[in-house]
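Breakdown of the fold
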Amino acid sequence: QTNSADPSTPVIELSEVDFGYTSTPVVEDVSLRVDPGEYVAVVGPNGSGKSTLMRLALGLLRPDRGTARLFDQPAHRFDDGARVGYVAQRASASTEMPITVREVVKMGRFPHVRFGRLDEADWAIVDRALETVGMHAFAGRRITNLSGGQRQRAFIARALAGEADLLVLDEPTVGVDAESVEAFYELLESLNDSGITVLLIEHDLGAVTAHADRIVCLNREVYFDGTADAFVESDALGRAFGAAAAIVGDRR
Ligand code: ADP
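Note on numbering: residues in each chain are counted from 1, in written sequence order. Totals for whole chains, interfaces and linings use all residues, but because this is a predicted model, local features are given only for residues with pLDDT of at least 70 and pairs of side-chain atoms are given and counted only at 80 or more. Note that the side-chain values use all heavy atoms of the structure and ignore hydrogens as well as water.

Next up on the list: the environment of Ala159. Within the secondary structure layout, Ala159 lies in helix 4 (residues 148-161). The spatial distance from the C-alpha of Ala159 to the C-alpha of Leu70 is 17 Å, given a sequence separation of 89 residues. The contact criterion used is simple: two residues touch if any of their non-hydrogen atoms lie within 4.5 Å. Those residues within four positions of Ala159 in sequence are excluded, and the remaining contacts are Gly85, Ala164 and Leu167. Secondary structure is summarised from DSSP: a helix means a run of H or I of at least four residues, a strand means a run of E of at least two, and numbering begins at the N terminus for each.

Here you go:
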């Protein structure tokens, strides 16, 4: 079933979504449709609602108004988790476990196997995923003994082992050393070229304008939704942030 999504069905479809954790809305009247094979980057300053938008898209939060659909199901009822690979900012908590890279990637197969038992074909998929992300040589290493960039690659490999056709990444290169960042984005781009839909939340405007097909600029509302080139030409940044410097100077 890998990457065999119906090309006419949106992967993500948010329609006129409002959401607030309290009475203050943090997402307002947001509509966003991501089609199979797209590479969409969501940009905006800290607190602009990017992570919230992602949680709404994945059904982890429910809209106060409007609708959220994931692979043509109401997002909160979506139950085919293997289709979605999620890479968190600074892979932490789960990475404190004393397990190897191969074991992490193996977990990606769990939705596809019975009783956690992988057969030869499953292991072949695990190995291929490790190779795709360039982590085969590190398969036996503890996940804790990796650089930030290597760890993020391992989590991408886990998603690939699960045959995810959507990758959602929340500022995946925070804490990744500068030389590895470009290679990381090249990997994402090649996965997208192979048909995987990518939704990337990102601070680093240089990275997204270089790699993403489409940019959504958010600050509670959508200020821009279009190509990277059009985004660079537009005044969306200025409008969304008051000052263009805000987003660039906003790195943690
Ligand atoms: P971003 O990802 O762009 O930094 P977030 O979606 O994390 O923005 O946050 C948007 C707003 O919602 C911020 O004002 C933030 O403080 C608030 N917020 C985020 N998560 C929660 C939460 N779990 N409970 C209450 N407020 C939250």
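Next, the rest of the story.
A separate point is the confidence of the model for the protein chain. Residue-level confidence of the predictor, termed pLDDT, takes values from 0 up to 100. Averaged over the protein chain, the pLDDT score is 89; the fraction of residues at 70 or greater is 90%. Taken as a whole, residues 243-252 scores under 50 in pLDDT and shows 18 contacts with residues more than four places along the chain or in a different chain.

A few words now on the packing of aromatic side chains. The aromatic pairing rule takes the rings of Phe, Tyr and Trp, using the six-membered ring of Trp, and pairs them if the centres are within 6.5 Å, calling planes under 30 degrees apart stacked, those over 60 edge-to-face and the rest tilted. On inspection of all chains with the given rule, the structure shows four aromatic pairs. Taking the centre distance of 4.9 Å and the plane angle of 90° together, the rings of Phe19 and Tyr21 count as edge-to-face. Between the NZ or CZ atom of Arg83 and the centre of the ring of Phe71, over which it lies, the distance is 3.9 Å. Note on geometry: a ring has a charge over it if NZ (lysine) or CZ (arginine) is within 6 Å of the ring centre and within 35 degrees of the ring normal.

To continue, consider helix 5 (residues 178-193). With 16 residues, helix 5 should reach 22 Å at 1.5 Å per residue; the first-to-last C-alpha distance of 24 Å fits that figure. Looking only at helix 5, the buried set comprises Val181, Phe184, Tyr185, Leu187, Leu188, Leu191 and Asn192. End-on view of helix 5: buried residues confined to an arc of 155°, all on one side of the axis. Among the exposed residues of helix 5, those oriented more than 90 degrees off its buried face are Glu179 and Asp193. Where helix 5 is buried, its residues contact strand 3 (39-43), helix 3 (120-132), helix 4, strand 7 (166-170), strand 8 (197-201) and helix 6 (205-211). Gly195 occupies a position one or two residues after helix 5 and carries a positive phi of about 115°. Take the residue count of a helix, subtract one, and multiply by 1.5 Å to get its expected span. Each residue is assigned to one of three classes by its accessible area relative to the maximum for its type, calculated with a 1.4 Å probe on protein chains only: buried under 20%, partly exposed between the two thresholds, exposed over 50%. The arc in question is the one spanned by the directions pointing from the helix axis to the C-beta atoms.

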